[in-house]
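Given next are the chains, with one letter for each unit.
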Amino acid sequence: MKLSRLFSIVGISALTVLALAGCGSASNKTASSGDAKVATSGFPIVEEPLTMSLMAPSVGAANWNDMATLKDYAKKTNIKLKFNTPPSSDFSTKLNLAFASQDLPDIIYAAGSALTPANEVSYGKNGQLVPLEKLIPKYAPNFNKLMKENPMIRQSITTPTDTSTPCPTSPKTPRPPGTSARCGTTANG
């Protein structure tokens, strides 16, 4: 039970970092029209309600729209997530189509092997993924502290070109480089 709670907390933290990264990119481009003022600490994250799109594989356990924790965080953060959750068996194809068509969500979460380190480098060079390494210290200081305490965390979310785009599943048990659960913020965010 404690382990699943840890994963829930880490997952929500990762989504929060990604939402902040989407709102706080260099151009302040947001999922809605106009600029969003982003709080660097506390709630809400944005004063004006904001809707962002998130793509993640559906594992069939629960509908993302019905998850109480995500509903609670939507209220706290003032950020509503619009979910695109194709079945796990189709996720890789749907994600590749999203990149090819430039019809990208603001956030990609738990992409696993569908978003390889080589893809991250390529999509990052194309401007389709936003690097997070400069945003994490400002918008996720606690996560940044964890990365300083455990360098494997930073290593597990860093591409071969030293760019941070994916997020680990758990700060206590980071995965080896190149095998972390992939998530990122697209240039749309």
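Residues numbered from 1 in each chain as written. Predicted model: local features only at pLDDT ≥ 70, side-chain atom pairs only at ≥ 80, totals over all residues. Heavy atoms only, no water.

1. Some remarks on the pattern of salt bridges
Where we set the bar: Salt bridges, as used here, are contacts in which a Lys or Arg side-chain nitrogen is within 4 Å of a carboxyl oxygen on Asp or Glu. Every helix listed is a DSSP run of H or I at least four residues long, and every strand listed is a run of E at least two residues long, numbered separately from the N terminus.
Enumeration over the complete set of coordinates arrives at two salt bridges. Among the ionic pairs, aspartate 72 bridges to lysine 76, the shortest N-O distance being 3.4 Å. Linking aspartate 72 with lysine 76, this pair stays in helix H2 (residues 68–77), spanning four residues, or about one helical turn.

2. Considering the environment of isoleucine 108
As a reminder, the rule being used: Only protein chains enter the calculation, and the probe is 1.4 Å; a residue is then buried if its accessible area is under 20% of its type maximum, exposed if over 50%, and partly exposed in between.
Turning to its location among the elements, isoleucine 108 is positioned in strand E3 (residues 107–108). On the basis of relative accessible area, isoleucine 108 is assigned to the buried category, the value being 0%. Sequence separation between isoleucine 108 and serine 53 is 55 residues, and the spatial gap between their C-alpha atoms is 8.7 Å.

3. Quick look at the confidence of the model for the chain
The predicted coordinates ought not to be read in detail in places where the model reports low pLDDT. Filter applied, for reference: The predictor rates its confidence in each residue with pLDDT, a number between 0 and 100. Contact between two residues is taken to exist if any of their heavy atoms lie within 4.5 Å; hydrogens are not considered.
With 67% of its residues at a pLDDT of 70 or more, the chain has an overall mean of 75. Across the chain, element-level confidence peaks in helix H3 (residues 88–101) with a mean pLDDT of 95 and bottoms out in helix H1 (residues 2–23) with 48. In this model, residues 20–34 is a region of pLDDT below 50 whose contacts with residues beyond four sequence positions or in other chains number 44 contacts. In this model residues 168–183 is a low-confidence stretch, pLDDT under 50, and it forms 50 contacts with partners more than four residues away in sequence or in other chains.

4. A few points about the pairing of strand E2 (residues 79–84)
Note the threshold: Strand pairing is assigned whenever DSSP identifies at least 2 bridges connecting the two strands. Clockwise travel from the first strand over the helix to the second, with the strands pointing away from the viewer, marks a crossover as right-handed.
Side-chain alternation along E2 places Ile79, Leu81 and Phe83 on a buried face and Lys80, Lys82 and Asn84 on a face that remains uncovered. Summarising the sheet, strand E1 (residues 50–55) and E2 pair through six bridges and their orientation is parallel. In the strand pairing of E2, leucine 54 is matched with phenylalanine 83. The parallel pair E1 and E2, bridged by H2, forms a crossover whose chirality is right-handed.

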